[in-house]
Amino acid sequence: MSPTENEGLIPSTRSSTGETEFYLPLPPGYKPGQTRFVVVFGTVISGLGKGIFSSSLAKCLQDKGVSVAPIKLEGYLNIDSGTLNPYRHGEVFVLDDGTECDMDLGTYERALDQNLSRLNFATSGQIYRRVLDRERIGGYLGRDVQMIPHVTGEVKNRLRELAIASRADVIFVEIGGTVGDVENAHYIEAMRQLAFEEGQRSVCFVALTYVLEPSILGEQKSKAAQLGIRQLLECGVQPHIIACRAASPVTRKVREKIALFSNVPPERVFSMHDCESVYQIPEQLRGAGLDTAVMEWLQISPKFSEEAERAARERWQIYLGHLKRVSREVSIGITGKYTSVRDAYASIIKALEHAGTALECKVRLVWVDTSELTDERADEKLRELHGIIVPGAFGTRGAEGKIACLKYARTHGLPCLGICYGFQMAVVEFARNVLGWEDANSTEIDNECRYPVIDLLPDQKKIEGLGGTMRLGGHDVAIREGTLAARMFGPRTRLRFRHRYEVDPRYVAQIEAAGMIFSGRSPKAEIMQILELRPDLHPYYVGTQAHPELTSRPLAPAPMFLGLVHAALRRAYPDYATPLVYASEAEAAAEAEPADPPTPHDTSDSAQPADRHA
Ligand code: GLN
């Protein structure tokens, strides 16, 4: 690719003495103009689905063989999302490398089917910390440290580090919040500089805006969108593409008006109106020509043949095909304390969606508030459900209610999946009600209890401080042969974790003798990671210390969720007879019979997730 036309303008200094106003901390090996950047800004209001939009756009490019790497730039001063309350900010997503980040990273991982790392997530806290650390070691050589160029320089540095590490053709930058927020101003300024330094055609600015349609008027109004774009122009950022979110297709007249006020040709002002399912958005973008507009602006051409792009699109169509054939419905209860905020359980909801779709079944979510729930009220609350999930949590509130739910599920054959805290409470419930250890508990809840079956991980006993100190990220899980977990995963798998407490290994033998099997354990330490009830005791009672929802992908649903929805289907429809073949079983079977040509899978009525491997 051609080097930037601005190259001569930028002194190649890597320092910042008083001799130049420029500050360009380029990472070693980085050459401006070699990587392309797509920067997505939000205007008018937040909550327009910037993450979904930008991940879908990235996916369109990925389908053309262009390699992409996303980065989210968060305005807040927290170093990461680990200490944020999911009730206010949505769930804390955990990456394989242990980064605790914004839930949007989950959106990118799912859309791009790609594992991300700490390089894909920056907060103002991280940026300032780097600047301040550098200042303390005299890294600015006597200069006064300023928002421009030092803070903005660090922002650009983060993008360039990602460019070097990922070697992606295109970096997708999502700026958090909306234009006009004080806390994001340094990001916007950094992007303006980026375009100057990298060369105009290396950076594509995309403004996501909102077209109002007040019901009293019955027509679309573009004023708010115009003002939003104008704010961006005031920052020195001329958008190249405008995407208009709206309830219904944005009329030509309105698009022309927005074009007129923003110096963007009307053919690059797109309608991104609501559609039935977020899974249709990549096709919507393609249909409108947004992907082509980006590629044309950046002067890049597809790396795949048209045929390969079609194949990539068709793979995605499998999902939409299942979605269209959804014919059954099950009700799954989610028992928890943040039940009023759906974002706090975003990945669980997605994982249920993936599993349900694979089985061509709609999963109706039922929120079960556990703060007031008792054994007596459990029947009334759970009777109508076909399955429950007891999700992760911290602290004590609602714990007894969760234990009541787990007891009900265990004793009524109600399919059940306990996640992290839910897994721990399943062990407590079993210890109390099966082993008769009445005073069993987690030391997170009661430090003085007689049977502390859940206790702090040994490593955690020495830890001080809250941020980033849990057992975090991807860890291998060794699976016991002959168990349900072995059907799901084969002999080994990798799941993501975020916890401080664990099953105390001292109690494992007695618990197992009573019928609860720890079918997945850490291969390195004595940490119980998956539990299940003996098959003669329950149709589907599974728990995991991990967060399997974080690694569920539309075309590869998390097996534990698949198992739950399948068991729920069997409970809801007594004549439901389609057996469940887990992907790992299908793979093992395929490996065992390499000689035979594969028999074409009948997808017309197939409820089998295994057909994605066909
Ligand atoms: N509070 C529990 C622990 O720290 C469970 C954590 C969780 O559910 N993510 O181990």
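Quick note: structure is the one above.
Every value quoted in this text rests on a predicted model; they were computed, and no experiment measured them. (Residues numbered from 1 in each chain as written. Predicted model: local features only at pLDDT ≥ 70, side-chain atom pairs only at ≥ 80, totals over all residues. Heavy atoms only, no water.)

**With respect to unusual backbone geometry**
Across the chain, the bulk of peptide bonds are trans and the bulk of non-glycine residues have phi less than zero. A cis amide bond links Ile148 with the next residue in sequence, Pro149, at an omega value of 10°. You can see Pro149 is positioned in helix 5 (residues 147-166). In this model, Val44 sits at a positive phi of 70°, which is unusual for a non-glycine residue. Relative to the assigned elements, Val44 resides in the loop between strand 1 (36-42) and helix 1 (50-62). (Helix = DSSP H or I, 4+ residues; strand = E, 2+ residues; numbered from the N terminus.)

**Looking at the sheet that holds strand 5 (residues 121-123)**
In spatial order, the strands read 5-2-6-1-7-8-9; together these seven strands make up an open sheet with parallel pairing. Only two strands of the sheet have a single partner each, and these edge strands are strand 5 and strand 9 (269-273). Adjacent strand axes in the sheet meet at a mean angle of 20°, parallel and antiparallel pairs treated alike. Examined bridge by bridge, strand 1 and strand 7 (residues 203-210) share six bridges and lie parallel to one another. Bridging across to strand 7, Val38 finds its partner in Cys204. Docked against the sheet, helix 1 engages strand 1, strand 2 (68-74), strand 6 (170-175), strand 7, strand 8 (241-246) and strand 9, running at close to 175° with respect to strand 6. (Pairing = 2+ DSSP bridges. Axes fitted to C-alpha atoms, helices over the stretch in contact; angles between N-to-C directions. Contact = heavy atoms within 4.5 Å.)

**Examining the sheet that holds strand 19 (residues 516-521)**
Picture the strands of a sheet paired through backbone hydrogen bonds; they go either parallel or antiparallel. Strand order in the open sheet formed by nine strands is 11-10-12-13-21-20-19-16-17, with mixed pairing between adjacent strands. The two strands at the open ends of the sheet, each matched to only one other strand, are strand 11 (361-369) and strand 17 (492-499). If you compare each strand with its neighbour and ignore which way they point, the axes differ by 25° on average. In terms of strand pairing, strand 13 (residues 416-419) meets strand 21 (residues 541-544) through four bridges, oriented parallel. From the neighbouring strand, Ile419 faces strand 21, where its bridge partner is Thr544. The strands touched by helix 15 (residues 421-433) are strand 12 (387-390), strand 13, strand 17, strand 19, strand 20 (528-533) and strand 21; relative to strand 20, the strand with the most contacts, the crossing angle is about 55°.

**Here's the deal with helix 1**
Counted at 1.5 Å a residue, the expected span for helix 1 with its 13 residues is 18 Å, and the 18 Å between its end C-alpha atoms agrees. Counting buried positions over the 13 residues of helix 1 gives eleven, a clear majority of the element. Considered for burial, the residues of helix 1 that qualify are Lys50, Gly51, Phe53, Ser54, Ser55, Ser56, Leu57, Ala58, Lys59, Cys60 and Leu61. (Expected span 1.5 Å × (residues − 1). Buried < 20%, exposed > 50% of the residue type's maximum accessible area, 1.4 Å probe, protein only.)

**Things to note about the site of the ligand**
If you check the shell around the ligand, you find Gly392, Ala393, Phe394, Cys420, Tyr421, Gln424, Glu444, Arg498, His499, Arg500, Tyr501 and His547 and nothing else. A distance of 2.9 Å separates a nitrogen atom of the ligand from a polar backbone atom of Ala393. Here a nitrogen atom of the ligand and a side-chain polar atom of His547 are 3.2 Å apart. Taken by itself the ligand offers 300 Å² of open surface, and the protein chains cover 99% of this. Contributions of two or more residues to the shell around the ligand are made by helix 15 and strand 17. Tallied by class, the residues present in the shell around the ligand amount to five nonpolar, four polar and three charged. (Near = heavy atom within 4 Å. Polar contact = N/O pair within 3.5 Å; in protein donor to acceptor, adjacent residues only side chain to side chain. Areas by Shrake-Rupley, 256 points an atom, 1.4 Å probe, with all protein chains shown as cover. Nonpolar A, V, L, I, M, F, W, Y, C, P; charged D, E, K, R; others polar.)

**A short note on the packing of aromatic side chains**
With the rule as written, the count across this model stands at eight aromatic pairs. Ring geometry for Tyr279 against Trp316: centres 6.2 Å apart, planes inclined by 50°, an arrangement best described as tilted. Of the two residues, Tyr279 is situated in the loop between strand 9 and helix 9 (281-288) and Trp316 in helix 11 (residues 306-324); the sequence distance between them amounts to 37 residues. Clustering of aromatic rings is evident, with ring pairs tying together Tyr279, Trp316 and Tyr319. (Phe/Tyr/Trp six-rings, centres within 6.5 Å; stacked < 30°, edge-to-face > 60°.)

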